[in-house]
Amino acid sequence: VGLGAVAVATGVIFARVSRPTARVMFSKVAVVTPYEGVPTLIFRCANQRANQILEAEVNVSIARQVVTQEGHRVRKLEEIRVTRSRSPMFALTWMVMHPITPDSPLYGATPGSMLENWTEIIVVLAGIDDTFAQRIHARHSYTPSEIVWGRKFADVLTLSEDGRRIVDYSRFHDLLDEDAPQTPLI
(Lines give C-alpha, C1' and ligand atoms only; values in the text may rest on other atoms or scores of the structure.)
Protein backbone atom coordinates (compact mmCIF):
# COMPACT_ATOMS: atom_id res chain seq x y z
CA VAL A 1 0.00 0.00 0.00
CA GLY A 2 2.89 2.36 0.83
CA LEU A 3 4.57 1.74 -2.55
CA GLY A 4 1.26 2.29 -4.31
CA ALA A 5 0.68 5.59 -2.51
CA VAL A 6 4.20 6.78 -3.40
CA ALA A 7 3.64 5.80 -7.05
CA VAL A 8 0.32 7.67 -7.23
CA ALA A 9 1.77 10.76 -5.52
CA THR A 10 4.77 10.72 -7.88
CA GLY A 11 2.47 10.42 -10.88
CA VAL A 12 0.30 13.33 -9.74
CA ILE A 13 3.31 15.56 -9.10
CA PHE A 14 4.91 14.62 -12.44
CA ALA A 15 1.68 15.30 -14.32
CA ARG A 16 1.42 18.71 -12.68
CA VAL A 17 5.06 19.70 -13.26
CA SER A 18 5.38 18.32 -16.80
CA ARG A 19 2.38 20.23 -18.15
CA PRO A 20 3.66 22.67 -20.79
CA THR A 21 3.04 26.36 -20.45
CA ALA A 22 2.84 28.73 -23.37
CA ARG A 23 5.66 31.23 -23.25
CA VAL A 24 4.38 33.55 -25.93
CA MET A 25 5.43 37.19 -25.83
CA PHE A 26 3.02 39.76 -27.23
CA SER A 27 4.04 43.27 -28.23
CA LYS A 28 3.29 45.86 -25.54
CA VAL A 29 1.22 47.83 -28.03
CA ALA A 30 -0.68 47.25 -31.24
CA VAL A 31 -0.34 49.75 -34.08
CA VAL A 32 -2.71 51.08 -36.73
CA THR A 33 -0.66 51.88 -39.81
CA PRO A 34 -1.06 51.65 -43.59
CA TYR A 35 -0.14 48.29 -45.09
CA GLU A 36 -0.59 47.75 -48.83
CA GLY A 37 -2.45 51.07 -48.88
CA VAL A 38 -5.06 50.00 -46.29
CA PRO A 39 -5.11 51.04 -42.61
CA THR A 40 -4.20 47.90 -40.73
CA LEU A 41 -4.23 46.87 -37.07
CA ILE A 42 -0.94 45.04 -36.39
CA PHE A 43 0.56 43.40 -33.31
CA ARG A 44 3.42 40.98 -32.80
CA CYS A 45 3.83 37.73 -30.97
CA ALA A 46 6.91 35.56 -30.47
CA ASN A 47 7.56 32.08 -29.16
CA GLN A 48 9.97 32.45 -26.23
CA ARG A 49 10.68 28.75 -25.92
CA ALA A 50 13.38 26.92 -27.86
CA ASN A 51 10.78 24.57 -29.33
CA GLN A 52 8.02 25.05 -31.88
CA ILE A 53 4.28 25.47 -31.57
CA LEU A 54 2.65 23.29 -34.21
CA GLU A 55 -0.64 24.12 -35.91
CA ALA A 56 -0.71 27.51 -34.20
CA GLU A 57 -3.84 29.56 -34.67
CA VAL A 58 -4.74 33.03 -33.51
CA ASN A 59 -8.25 34.31 -32.85
CA VAL A 60 -8.78 38.04 -32.48
CA SER A 61 -11.97 39.62 -31.16
CA ILE A 62 -13.12 43.11 -30.32
CA ALA A 63 -15.16 43.81 -27.22
CA ARG A 64 -16.88 47.19 -26.93
CA GLN A 65 -19.90 48.97 -25.56
CA VAL A 66 -22.74 49.49 -28.04
CA VAL A 67 -26.19 51.00 -27.70
CA THR A 68 -29.09 48.76 -28.72
CA GLN A 69 -32.17 50.03 -30.58
CA GLU A 70 -33.91 50.16 -27.22
CA GLY A 71 -31.22 52.46 -25.83
CA HIS A 72 -29.48 49.90 -23.60
CA ARG A 73 -25.69 49.92 -23.40
CA VAL A 74 -24.36 46.36 -23.73
CA ARG A 75 -20.93 44.81 -24.19
CA LYS A 76 -20.67 43.30 -27.68
CA LEU A 77 -18.03 40.80 -28.77
CA GLU A 78 -17.20 40.45 -32.48
CA GLU A 79 -14.59 38.36 -34.22
CA ILE A 80 -11.95 40.19 -36.25
CA ARG A 81 -10.66 38.48 -39.39
CA VAL A 82 -6.88 38.55 -39.76
CA THR A 83 -4.89 38.05 -42.94
CA ARG A 84 -3.29 34.81 -41.66
CA SER A 85 -4.93 33.11 -38.71
CA ARG A 86 -3.02 29.81 -38.89
CA SER A 87 0.63 28.87 -39.00
CA PRO A 88 1.74 25.26 -39.42
CA MET A 89 4.84 25.99 -37.34
CA PHE A 90 5.28 28.96 -34.98
CA ALA A 91 8.95 29.15 -34.04
CA LEU A 92 10.12 32.78 -34.29
CA THR A 93 7.77 35.76 -34.59
CA TRP A 94 4.34 36.38 -36.06
CA MET A 95 2.94 39.74 -37.21
CA VAL A 96 -0.83 39.45 -36.90
CA MET A 97 -2.61 41.90 -39.23
CA HIS A 98 -6.21 42.97 -39.60
CA PRO A 99 -7.00 45.25 -42.59
CA ILE A 100 -9.49 47.93 -41.57
CA THR A 101 -11.81 47.78 -44.58
CA PRO A 102 -15.49 48.88 -44.75
CA ASP A 103 -16.62 45.44 -43.48
CA SER A 104 -14.28 45.58 -40.45
CA PRO A 105 -15.69 46.24 -36.95
CA LEU A 106 -12.91 48.84 -36.61
CA TYR A 107 -13.89 50.78 -39.74
CA GLY A 108 -14.26 54.45 -38.89
CA ALA A 109 -12.83 54.00 -35.39
CA THR A 110 -10.64 56.70 -33.89
CA PRO A 111 -8.60 56.72 -30.69
CA GLY A 112 -11.37 58.79 -29.07
CA SER A 113 -14.21 56.53 -30.17
CA MET A 114 -12.33 53.44 -29.00
CA LEU A 115 -11.83 55.01 -25.58
CA GLU A 116 -15.45 56.17 -25.37
CA ASN A 117 -16.79 52.68 -26.23
CA TRP A 118 -14.41 50.86 -23.84
CA THR A 119 -12.96 48.97 -26.79
CA GLU A 120 -10.65 46.06 -26.10
CA ILE A 121 -8.85 43.85 -28.63
CA ILE A 122 -8.69 40.29 -27.27
CA VAL A 123 -6.13 37.84 -28.66
CA VAL A 124 -6.06 34.08 -28.05
CA LEU A 125 -3.23 31.99 -29.51
CA ALA A 126 -3.37 28.20 -29.33
CA GLY A 127 -1.32 25.35 -30.71
CA ILE A 128 0.39 22.06 -29.94
CA ASP A 129 3.62 22.12 -27.95
CA ASP A 130 6.30 20.34 -30.00
CA THR A 131 8.05 18.84 -26.96
CA PHE A 132 5.09 17.50 -24.96
CA ALA A 133 2.55 17.08 -27.80
CA GLN A 134 -0.06 18.85 -25.67
CA ARG A 135 -2.30 21.78 -26.48
CA ILE A 136 -1.21 25.17 -25.11
CA HIS A 137 -2.98 28.54 -24.98
CA ALA A 138 -1.85 32.15 -24.55
CA ARG A 139 -4.07 35.20 -24.12
CA HIS A 140 -3.44 38.93 -24.35
CA SER A 141 -5.54 42.06 -24.78
CA TYR A 142 -5.02 45.61 -26.00
CA THR A 143 -6.94 48.56 -24.54
CA PRO A 144 -7.28 51.89 -26.40
CA SER A 145 -4.24 53.28 -24.56
CA GLU A 146 -2.21 50.34 -25.91
CA ILE A 147 -3.13 50.98 -29.56
CA VAL A 148 -0.77 53.43 -31.26
CA TRP A 149 -1.92 55.19 -34.43
CA GLY A 150 0.48 56.27 -37.19
CA ARG A 151 3.53 54.21 -36.15
CA LYS A 152 5.00 50.88 -37.27
CA PHE A 153 7.13 48.18 -35.68
CA ALA A 154 10.90 48.08 -36.08
CA ASP A 155 12.43 45.06 -37.81
CA VAL A 156 13.57 42.34 -35.45
CA LEU A 157 14.77 39.68 -37.91
CA THR A 158 18.32 39.60 -39.25
CA LEU A 159 20.40 36.95 -40.96
CA SER A 160 23.63 35.61 -39.51
CA GLU A 161 26.71 35.05 -41.67
CA ASP A 162 25.78 31.39 -42.08
CA GLY A 163 22.23 32.29 -43.24
CA ARG A 164 20.27 31.54 -40.05
CA ARG A 165 17.49 33.87 -38.95
CA ILE A 166 18.10 35.69 -35.69
CA VAL A 167 15.40 37.47 -33.68
CA ASP A 168 16.56 40.61 -31.86
CA TYR A 169 14.17 40.60 -28.89
CA SER A 170 15.65 43.88 -27.61
CA ARG A 171 13.81 45.63 -30.50
CA PHE A 172 10.59 43.59 -30.22
CA HIS A 173 8.54 46.48 -28.76
CA ASP A 174 10.29 49.32 -30.66
CA LEU A 175 8.20 51.58 -32.89
CA LEU A 176 9.16 53.74 -35.86
CA ASP A 177 7.38 56.58 -37.64
CA GLU A 178 5.24 55.44 -40.58
CA ASP A 179 7.63 56.92 -43.14
CA ALA A 180 10.85 55.64 -41.52
CA PRO A 181 12.78 53.21 -43.77
CA GLN A 182 13.14 49.61 -42.62
CA THR A 183 16.47 47.85 -42.44
CA PRO A 184 16.52 45.03 -45.03
CA LEU A 185 17.65 41.54 -44.06
CA ILE A 186 21.42 41.32 -44.44
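Look up: the structure comes first, before these words.
Nothing here was measured: the structure is a model prediction, and the numbers come from that model. (Residues numbered from 1 in each chain as written. Predicted model: local features only at pLDDT ≥ 70, side-chain atom pairs only at ≥ 80, totals over all residues. Heavy atoms only, no water.)

Q: Outline the packing of aromatic side chains, supporting the account with residue identities and numerical values.
A: All told, the structure shown has 3 aromatic pairs when counted by the stated rule. Ring centres 5.5 Å apart and planes at 40 degrees place the aromatic pair Phe43 and Tyr142 in the tilted group. One end of the pair, Phe43, is in strand β3 (residues 38-47); the other, Tyr142, is in strand β9 (residues 135-142), with 99 residues separating them in the sequence. Of the two residues, Phe43 and Tyr142, both sit in the buried class. Centre to centre, the rings of Tyr169 and Phe172 are 6.4 Å apart; their planes meet at 45 degrees, and the pair counts as tilted. (Phe/Tyr/Trp six-rings, centres within 6.5 Å; stacked < 30°, edge-to-face > 60°. Helix = DSSP H or I, 4+ residues; strand = E, 2+ residues; numbered from the N terminus. Buried < 20%, exposed > 50% of the residue type's maximum accessible area, 1.4 Å probe, protein only.)

Q: Summarise the nonpolar core; cite the residues concerned and give the values.
A: Ranked by size, the top nonpolar core spans 27 residues in total, and within it Phe26 and Ile121 carry the most contacts. Among the secondary structure elements, those contributing two or more residues to this core are β1 (24-26), β2 (30-35), β3, β4 (53-67), β7 (93-99), β8 (120-129) and β9. Looking at this core, the element that brings in the most residues is β4, giving 5 residues. Apart from the residues lying within four places of it in its own chain, the contact partners of Phe26 are Phe43, Arg44, Cys45, Val123, Leu125, Ala138, Arg139, His140, Tyr142, Phe172 and His173. Ranked by size, the runner-up nonpolar core spans 6 residues in total, among them Val29, Ile42, Met97 and Phe153. (Core = buried A, V, L, I, M, F, W, Y, C linked by side-chain atoms within 4.5 Å. Contact = heavy atoms within 4.5 Å.)

Q: Outline the environment of Val82, supporting the account with residue identities and numerical values.
A: On the secondary structure map, Val82 appears in the loop between β5 (73-80) and β6 (86-90). Take Val82: its relative accessible area is 17%, and that puts it in the buried class. It is 25 Å that separates the C-alpha atoms of Val82 and Arg165, two residues lying 83 residues apart in sequence. Sequence-distant contacts of Val82, defined by excluding residues within four places in its chain, comprise Val58, Val60, Val96, Met97 and His98.

Q: Explain unusual backbone geometry to me, using residue names and the numbers behind them.
A: The phi torsion at Glu55 lies on the positive side, around 50 degrees, for a residue other than glycine. Given a relative accessible area of 38%, Glu55 falls into the partly exposed group. Of note, the phi angle at Trp118 is positive, near 55 degrees, even though the residue is not glycine. Tracing the chain through its elements places Trp118 in the loop between α2 (111-116) and β8.

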